[in-house]
Amino acid sequence: MKAHDGMYIDGAWRSAAGRDVIEVVNPADEQVIATVPAGTAEDVAAAVRAARAALPGWAATAPAERAARLAALRDVLAARKDEIAETVTAELGSPLAFSQAVHAAVPIAVAGSYAELAATYAFEEKVGNSTVFHEPVGVVGAITPWNYPLHQIVAKVAPALAAGCTVVLKPAEDTPLTAQLFAEAADEAGVPAGVLNLVTGLGPVAGQALAEHPDVDLVSFTGSTAVGRRIGATAGAAVKRVALELGGKSANVILPSADLAKAVNVGVANVMSNSGQTCSAWTRMLVHRDRYDEAVELAAAAAAKYADRIGPLVNAKQHERVRGYIDQGVAEGARLAAGGARPPRERGYFVSPTVLADVTPAMTVAQEEIFGPVLSILPYDDEDDALRIANGTVYGLAGAVWAGEEAEAVAFARRMDTGQVDINGGRFNPLAPFGGYKQSGVGRELGRHGLAEYLQTKSLQF
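The structure displayed is predicted, hence computed values, not measured ones.

Here is what the cut-offs are and how they apply
Residues numbered from 1 in each chain as written. Predicted model: local features only at pLDDT ≥ 70, side-chain atom pairs only at ≥ 80, totals over all residues. Heavy atoms only, no water. Helix = DSSP H or I, 4+ residues; strand = E, 2+ residues; numbered from the N terminus. Expected span 1.5 Å × (residues − 1). Buried < 20%, exposed > 50% of the residue type's maximum accessible area, 1.4 Å probe, protein only. Contact = heavy atoms within 4.5 Å. Salt bridge = Lys/Arg side-chain N within 4 Å of Asp/Glu carboxyl O. Pairing = 2+ DSSP bridges. Right-handed = clockwise from strand over helix to strand, strands pointing away. Axes fitted to C-alpha atoms, helices over the stretch in contact; angles between N-to-C directions. UniProt positions renumbered as here; feature names shortened; annotations may be inferred. Arc of directions from axis to C-beta.

## A word on helix α3 (residues 81-92)
Stage number 1. Under the 1.5 Å per step criterion, the end-to-end length of α3 is 16 Å for 12 residues, consistent within 8% with the ideal 16 Å.
Stage number 2. All of the buried residues in α3 are Ile84, Ala85, Thr87, Val88, Ala90, Glu91 and Leu92.
Stage number 3. Check the buried side of α3 and you find it contacts β3 (21-26), β4 (31-37), α2 (63-79), α4 (96-120), α5 (149-163) and α6 (176-188).
Stage number 4. Looking one or two residues past α3, Gly93 carries a phi angle of roughly 90°, positive in sign.

## Here we look at the pattern of salt bridges
Should the charged atoms of two oppositely charged side chains come close, the side chains can pair.
Stage number 1. This model, assessed by the stated rule, comprises 17 salt bridges.
Stage number 2. Put simply, Lys2 and Glu184 hold a salt bridge, and the shortest N to O gap is 3.5 Å. With Lys2 in the segment before β1 (6-9) and Glu184 in helix α6, this residue pair connects regions lying 182 residues apart in the sequence.
Stage number 3. Its relative accessible area of 60% is what places Lys2 among the exposed residues.
Stage number 4. Overall, the relative accessible area of 15% leaves Glu184 in the buried class.
Stage number 5. Here Glu184 and Arg80 are joined by a salt bridge, their closest N and O atoms 2.7 Å apart.

## Digging into the environment of Ala301
Stage number 1. Among the structural elements, Ala301 can be located in helix α10 (residues 292-304).
Stage number 2. Each C-alpha atom, one on Ala301 and one on Lys126, is 58 Å from the other, the two residues being 175 residues apart in sequence.

## Side note on the sheet that holds strand β18 (residues 399-402)
Stage number 1. One open sheet accounts for seven strands, arranged β14-β15-β16-β13-β12-β18-β19; its pairing is mixed. Every other strand in the sheet has two partners, leaving β14 (335-338) and β19 (422-423) as the edge strands with one partner each.
Stage number 2. Relative to strand β15 (residues 354-357), β14 runs antiparallel, the two being bridged by three bridges. For Arg335, the partnering residue across the bridge sits in β15 and is Ala357.

## Observations concerning the pairing of strand β7 (residues 139-143)
Stage number 1. Of all five residues in β7, five are buried, a share of seventy percent or more.
Stage number 2. Both faces of β7 are covered, namely the face carrying Val139, Gly141 and Ile143 and the face carrying Val140 and Ala142.
Stage number 3. With α5 bridging β7 and its parallel neighbour strand β8 (residues 166-170), the resulting β-α-β unit is right-handed.
Stage number 4. Pairing of β7 with strand β10 (residues 218-222) involves four bridges; the strand directions are parallel. Bridge pairing in β10 places Val140 opposite Leu218.

## A closer look at the sheet that holds strand β22 (residues 455-461)
Stage number 1. Across the sheet, which stays open at both edges, the three strands sit in the order β5-β6-β22 with antiparallel pairing between neighbours. Pairing within the sheet leaves two strands with one partner each, and these edge strands are β5 (124-127) and β22. Each strand of the sheet is rotated relative to its neighbour by a mean of 25°, with strand direction disregarded.
Stage number 2. Here β5 runs beside strand β6 (residues 130-136); their pairing, made up of four bridges, is antiparallel. In the sheet register, Glu124 faces β6, and the bridge partner there is Phe133.

## Digging into the UniProt feature "active site" (unreviewed entry) in the chain
Stage number 1. Residues annotated in UniProt with the feature "active site" (unreviewed entry) correspond here to Glu245.
Stage number 2. You can see Glu245 is positioned in strand β11 (residues 241-245).
Stage number 3. Glu245 has contacts with Gln152, Phe221, Thr222, Gly223, Cys279, Leu397, Phe434, Ser440 and Glu445, leaving out every residue within four places of it along the chain.

## Quick look at helix α11 (residues 316-331)
Stage number 1. Taking 1.5 Å per residue as the helical rise, α11 with its 16 residues ought to reach 22 Å, and the 22 Å between its terminal C-alpha atoms agrees with that figure.
Stage number 2. Listed in full, the buried residues belonging to α11 are Gln318, His319, Val322, Tyr325, Ile326 and Gly329. All buried residues of α11 lie within an arc of 130° about the axis, which places them on one face of the element. Opposite the packed face of α11, turned more than 90 degrees from it, sit the exposed residues Lys317, Asp327 and Ala331.
Stage number 3. Elements in contact with the buried residues of α11: β14, β15, α12 (364-367) and β16 (374-380).

Given below as structure tokens:
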């Protein structure tokens, strides 16, 4: 697997000779496929200097030109979509078909959406006797996760560039090859030197140095709530802006009037997607007590179909973490309706698609983010009970509601404390704002709301 042995800084790949290296492991067979340099605080400082130097010129670039660079980036990514899919499959373990349909295709669409927004957004507006300017916030530190490696990069970098910001990107250490491919694409698309910079490295070293750097004006982070808290505290001490997309424990509420079979089957598919490594996955299925046993039976049958269709978890640590949660759920009284055992493979970080029944709201598996192919099914007595359970975690990222009538589902969804709710299986919308309530984060990604995160306002009165 091709890998650069340096950092992409100020429009060039700079040698990182003498640095420690990070081994990139294919989680499907546990083989090392590449190494990348482990960036230091000095590497981060060099990247920030390049971004700071490039900021005035890029911020002054006409929105139409920024749109043209983003359109070119979209086109380069589209031309390399097969390579993207193969790279994600190699370092994340995602089945190739899923990598093609989601890991490659969605970021291309998102990049295109920001090319259009950059050309049409009202960066200047009249408000009474004032003219309000929406200006770039400055240098952005983008710290991205491994679960959707290219999508999360594009969801941060594309709006930042559209806004006129410059960026230092620190990708997850498990999936740096996709980030290097993105930097190559940005270079090929004509993004000016210093506007995008890439430093590979470990979170406690390179990530922390980026979050703490005084010349970084905004930190955009996607990852765990625990790390998000630390970044928020660091930024708060420096009065620095943050955008935090954190954990989730989303509820899939199936109301009595819903098509139960459809709701359960779609719900199981949602949880198993990307091997359960999705922050917005509907990992809690809430079913009326009268139809609970039927739902468990349907879910167990649906989960069994994914035994040979999902990939491994990203690494050994995540593999043991997820298996530990399953064991803890059973120890606390949950019943294994499906899965639980490690699939019969000699190598690879695989976990069987798992359904836990007889789960109560207080159980660990109903409260904490597992980040694996594990579904918890909880019974409820009436709608108020369902709402109490749905809102009864520290998270509020996403969710779903199913009902016979759309209006009934919407009425329930409006009472949920969460940032995004799918009604009767509503499709993903790359223009809709994505982000959470409570400890699921601060700020929004995607569409106009995602662009606004990278802007600050100035008003002139006449």
